[in-house]
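# Fold and geometry: a report
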Amino acid sequence: DTAVSQTPKYLVTQMGNDKSIKCEQNLGHDTMYWYKQDSKKFLKIMFSYNNKELIINETVPNRFSPKSPDKAHLNLHINSLELGDSAVYFCASSPWGAGANVLTFGAGSRLTVL
Amino acid sequence: SQQGEEDPQALSIQEGENATMNCSYKTSINNLQWYRQNSGRGLVHLILIRSNEREKHSGRLRVTLDTSKKSSSLLITASRAADTASYFCATSPGAGSYQLTFGKGTKLSVIP
């Protein structure tokens, strides 16, 4: 069973479109994250939710909107896609607590904006 | 802001040799972790070292932490072709924060 699964794995779309990436974890973790990895492999946190509540919201354009319907799911919706949004987006989860923040990552969703 | 910085950016070694990667960071930490990322895959957690620890081992991995120098190193002994991947350090700030900040990674190539 896949611990953290995200769909789709690949997404190719035109500028200006709206797209969503879904993430689900079956580890029973309380905290979920979205990270963005650019072409230089730099990994940057975007959002974090703990038990459906937003706890980290880095400087991300408000075209990006996360939604957590329950603690096992964290989806990412992106409006009005731009060329610079092209990247690999990783979902991750971890147990709650500052001393236990070992992340389990999904396989990534590669977004290409044309 | 970027917390961890790995060094070197890329490393190429022969199978059987040891590989050493370094990580420097800027602010105080609660723990430091190392992750591996195979090409086209997600990151996988390797090892965690807490701020009050100086050295930790896991199989062929050895991690050291020097909080006075704000640096850590990851040693992979007797490397194998399957160790070819990018390796990232990630730092967690003091108590009360759960945010992990990643470095830019070291790309390791192990030549059979």
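For the structure given in this document, a descriptive report is provided here.

Thresholds, definitions, all that
Residues numbered from 1 in each chain as written. Chains lettered and ligands numbered in written order. Predicted model: local features only at pLDDT ≥ 70, side-chain atom pairs only at ≥ 80, totals over all residues. Heavy atoms only, no water. Contact = heavy atoms within 4.5 Å. Salt bridge = Lys/Arg side-chain N within 4 Å of Asp/Glu carboxyl O. Polar contact = N/O pair within 3.5 Å; in protein donor to acceptor, adjacent residues only side chain to side chain. Helix = DSSP H or I, 4+ residues; strand = E, 2+ residues; numbered from the N terminus. Nonpolar A, V, L, I, M, F, W, Y, C, P; charged D, E, K, R; others polar. Disulfide = S-S within 2.5 Å. Buried < 20%, exposed > 50% of the residue type's maximum accessible area, 1.4 Å probe, protein only. Patch = residues over 30% accessible without salt bridge, like charges linked within 9 Å, V, L, I, M, F, W, Y side chains within 5 Å. Areas by Shrake-Rupley, 256 points an atom, 1.4 Å probe, with all protein chains shown as cover. Lys, Arg positive; Asp, Glu negative; His and termini not counted. Charge placed at Lys NZ, Arg CZ, Asp CG, Glu CD. Core = buried A, V, L, I, M, F, W, Y, C linked by side-chain atoms within 4.5 Å. Pairing = 2+ DSSP bridges. Axes fitted to C-alpha atoms, helices over the stretch in contact; angles between N-to-C directions.

### A short note on the interface of chain A and chain B
Each side of the interface is counted separately: chain A has 21 residues, and chain B has 23 residues. Scanning the region where chain A abuts chain B turns up zero salt bridges. Where chain A packs against chain B, one counts six residue pairs in polar contact (both at pLDDT 80 or more). Where the side of chain A that touches chain B is concerned, the elements lending two or more residues are strand 4 (31-37), strand 5 (43-50) and strand 6 (53-57) of chain A. Here the element with the most residues in the side of chain A that touches chain B is strand 4 of chain A; it accounts for three residues. By residue class, the composition of the side of chain A that touches chain B is 14 nonpolar, four polar and three charged.

### Digging into the state of the cysteines
Residue and element names in this part refer to chain B. The final tally for this structure, using the stated rule, is two disulfides over all chains. Here Cys 23 engages in a disulfide with Cys 89; their sulfurs sit 2.0 Å apart. Handedness of the Cys 23-Cys 89 disulfide follows from its S-S torsion of about 65 degrees: it is right-handed. You can see Cys 23 sitting in strand 3 (residues 19-24) and its partner Cys 89 sitting in strand 9 (residues 85-92), a full 66 residues away along the chain. Accessibility assignment for this pair places Cys 23 and Cys 89 in one class, buried.

### With respect to a positive patch on the surface
Taken together, the side chains of A:Lys9, A:Lys41, A:Arg110, B:Arg41 and B:Lys107 make up a positively charged region of the molecular surface. Among the secondary structure elements, A:Lys41 is positioned in the loop between strand 4 and strand 5. Relative accessible area serves as the criterion here: at 37%, A:Lys41 is assigned to the partly exposed category.

### Focus: unusual backbone geometry
In this structure, the amide linkage connecting A:Thr7 to the following residue, A:Pro8, adopts the cis form with an omega of -5 degrees. The residue after B:Asp7, namely B:Pro8, is reached through a cis peptide bond having omega 0 degrees. Mapped onto the elements, B:Pro8 comes out in the loop between strand 1 (5-7) and strand 2 (10-14). In this structure, A:Lys52 is a non-glycine residue whose phi angle is positive, near 75 degrees. By the element assignment, A:Lys52 lies in the loop between strand 5 and strand 6. Here A:Ser80, not a glycine, exhibits a phi torsion of approximately 45 degrees, which is positive. Within the secondary structure, A:Ser80 is located in the loop between strand 8 (73-78) and strand 9 (87-94).

### Section: the nonpolar core
The biggest cluster of nonpolar side chains holds 22 residues, and the ones touching the most others in it are B:Met21, B:Leu32, B:Trp34, B:Leu74, B:Ile76, B:Tyr87 and B:Leu108. Elements with a contribution of two residues or more to this core: strand 2, strand 3, strand 4 (31-37), strand 5 (43-50), strand 7 (61-66), strand 8 (71-76), strand 9 and strand 11 (106-111) of chain B. Contact partners of B:Leu74, with chain neighbours within four places excluded, come to B:Ala19, B:Thr20, B:Met21, B:Trp34, B:Leu46, B:Leu61, B:Arg62, B:Val63 and B:Tyr87. Ranked by size, the runner-up nonpolar core spans 19 residues in total, among them A:Val4, A:Leu11, A:Ile21 and A:Val113.

### Some details on the sheet that holds strand 7 (residues 64-70) of chain A
Residues and elements named next belong to chain A. What the four strands build is an open sheet, ordered 1-3-8-7; its pairing is antiparallel. In the strand order of this sheet, the two ends are held by strand 1 (4-7) and strand 7, each with one partner. Along the sheet, successive strands turn relative to each other by an average axial angle of 15 degrees, direction set aside.

### Here's the deal with the pattern of salt bridges
All names here are of chain A. Inspection of the entire model under this criterion finds six salt bridges over all chains. Here Arg 63 ties to Glu 82 by a salt bridge, and the two come within 3.5 Å at their closest N and O atoms. Placement of the pair is Arg 63 in the loop between strand 6 and strand 7 and Glu 82 in the loop between strand 8 and strand 9, with a sequence separation of 19 residues. Relative accessible area serves as the criterion here: at 13%, Arg 63 is assigned to the buried category. Among the charged side chains, a salt-bridge network with shared partners connects Arg 63, Glu 82 and Asp 85.

The quantities given are spatial measurements derived from coordinates; they are silent on function.
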